[in-house]
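Results of the structural survey
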Amino acid sequence: MAAPVLVGVSLKMYFGHARALRWFDAVAERVREHPAVASGDVAVFVIPTFVQLLPAVAAFAGTRVRVGAQDVATADAGAYTGEVSAVELAEVGVGLAEIGHAERRRLFGETDDVVARKAAAALRNGLTPVLCVGEADRLGRDASIAAAVDQLRRDLDGAPAGPVIAAYEPVWAIGAAEPAPVSHTIAVTRALREALDAMPGREGSAVVYGGSAGPGLLAALDGAVDGLFLGRFAHDVDALVQVIDEAAALAAEAVA
Ligand SMILES: O=C(CO)COP(=O)(O)O
């Protein structure tokens, strides 16, 4: 079977608890009946707040939707007030850990060194890192490629073998009205894919795009990325299902 087309959603801190639970139930109901999700041609993952993780795992039980955390500790146990370890996340059925999102780098001072230690913690505990990289400012194509690829290399420096999901998220396209232009995304994601392919132990990795992604983008990218990482434009469950339908169409094209 070809690699699945990925559709991920980070809820960031947008929803309160009750609204998140309603969203999980609505999404679970829609994906349960979705043939491409049921067959594994489209792989959906949902990344809510830490407090929403256990209800998310329960809501998506019996579906193929995987649940991820928005962050992870660098250490596996000990005196780290406020942190949550990859060990505990794995124990409760969380499958992925988002690492190095632009908001964590900008607002909470996460450096590439910290990000690399978080990626290592995720991988040594069997979680798939959703590693966010991307240039901070609008740059030309070559400078963007250099910035994103260098960041990817630094962020995986010393991390154990295992597949990762590299999320190309140009910082200037996050929270914007429009995603990055398709030609730009194709160029940078291709370079990220080549960089991952050249790294030992990263077989099975994927490259997705995030930053104001929504319905229409996956079709426009036409197979250039392995999937999308959605934010605001997945709050509307119909819009998310539309993206999953586009992913299903791409997956069907890939096997045809
Ligand atoms: O940062 C993002 C996903 O991690 C993208 O968020 P928006 O789609 O809301 O810009």
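From a predicted model like this one, the values you see are computed outputs, not experimental measurements.

1. As for empty space enclosed by the protein
With the rule as written, the count across this model stands at two cavities of 30 Å³ or more. The volume enclosed by the largest cavity comes to roughly 140 Å³. In this structure, the largest cavity is lined by 17 residues; those nearest its centre are Lys12, Gly211, Ser212, Leu230 and Gly231. Looking at side-chain class alone, the lining of the largest cavity contains six nonpolar, seven polar and four charged residues.

2. Some words on the packing of helix α7 (residues 141-155) against helix α8 (residues 182-197)
Close contact between α7 and α8 brings their axes to 9 Å; oriented N to C, the two are set at 35 degrees. Our pair here, α7 against α8, has a crossing hand that is right-handed. In contact with Arg141, Ser144, Ile145, Ala148, Val149, Leu152 and Arg153 of α7, α8 contributes Ser183, His184, Ala187, Val188, Ala191, Leu192, Ala195 and Leu196. In the contact of α7 with α8, the residues fall into 10 nonpolar, three polar and two charged.

3. Examining the sheet that holds strand β7 (residues 206-210)
Here we have eight strands rolled up into a closed barrel, ordered β1-β2-β3-β4-β5-β6-β7-β8, and parallel in their pairing. Across the sheet, the axes of successive neighbouring strands diverge by a mean angle of 25 degrees, strand direction being ignored. Of the pairings in the sheet, the one linking strand β2 (residues 42-47) to strand β3 (residues 66-69) comprises two bridges and is parallel in character. What sits directly across from valine 46, in β3, is valine 67. Its contacts with the sheet put α7 on β5 (128-133) and β6 (165-168), and the angle it makes with β5 is roughly 145 degrees. Helix-sheet contacts for α8 involve β5, β6 and β7, and the interaxial angle to β7 is about 150 degrees.

4. A look at the environment of alanine 73
Note that alanine 73 resides in the loop between β3 and α4 (86-91). Remark: the alpha-carbon pair of alanine 73 and valine 237, spanning 164 residues in sequence, is separated by 31 Å. Leave out the neighbours within four places in its chain, and alanine 73 touches Glu83, Val84, Ser85, Lys118 and Ala121.

5. Let's talk about the pairing of strand β4 (residues 96-99)
Burial along β4 is two-sided: the face carrying Leu96 and Glu98 and the face carrying Ala97 and Ile99 are both buried. With two bridges joining them, β3 and β4 adopt parallel strand pairing. Its bridge partner lying in β4, alanine 69 is registered against alanine 97. You can see the chain leave β3, run along α4 and come back into β4, and the turn it takes is right-handed.

6. Topic: the pattern of salt bridges
Applying the stated criterion to the full structure yields 13 salt bridges. Aspartate 238 serves as the salt-bridge partner of arginine 30, at 2.9 Å between the closest nitrogen and oxygen. One end of the pair, arginine 30, is in helix α1 (residues 17-32); the other, aspartate 238, is in helix α10 (residues 237-255), and 208 residues separate them in sequence. By relative accessible area, aspartate 238 is classed as partly exposed at 47%.

7. Section: the pairing of strand β8 (residues 227-230)
Strand residues, when the strand is regular, have side chains that alternate between the two faces of the sheet. Of the two faces of β8, the one carrying Gly227 and Phe229 and the one carrying Leu228 and Leu230 are both buried. Strand direction decides the pairing type here: strand β1 (residues 5-10) and β8, joined by four bridges, are parallel. Residue pairing for β8: valine 9 is matched across the bridge by leucine 230. Here β7 pairs with β8 via two bridges, running parallel. Bridge pairing in β8 links glycine 210 to phenylalanine 229.

Procedures and definitions
Residues numbered from 1 in each chain as written. Predicted model: local features only at pLDDT ≥ 70, side-chain atom pairs only at ≥ 80, totals over all residues. Heavy atoms only, no water. 1 Å grid on protein atoms, 1.4 Å probe; cavity = no way out; pocket = protein on both sides within 12 Å on 5 of 7 lines; lining within 4 Å. Points joined across faces, edges and corners; volume = space filled by probe spheres on them. Nonpolar A, V, L, I, M, F, W, Y, C, P; charged D, E, K, R; others polar. Axes fitted to C-alpha atoms, helices over the stretch in contact; angles between N-to-C directions. Helix = DSSP H or I, 4+ residues; strand = E, 2+ residues; numbered from the N terminus. Left-handed = near helix turned anticlockwise from the far one by under 90°. Contact = heavy atoms within 4.5 Å. Pairing = 2+ DSSP bridges. Buried < 20%, exposed > 50% of the residue type's maximum accessible area, 1.4 Å probe, protein only. Right-handed = clockwise from strand over helix to strand, strands pointing away. Salt bridge = Lys/Arg side-chain N within 4 Å of Asp/Glu carboxyl O.

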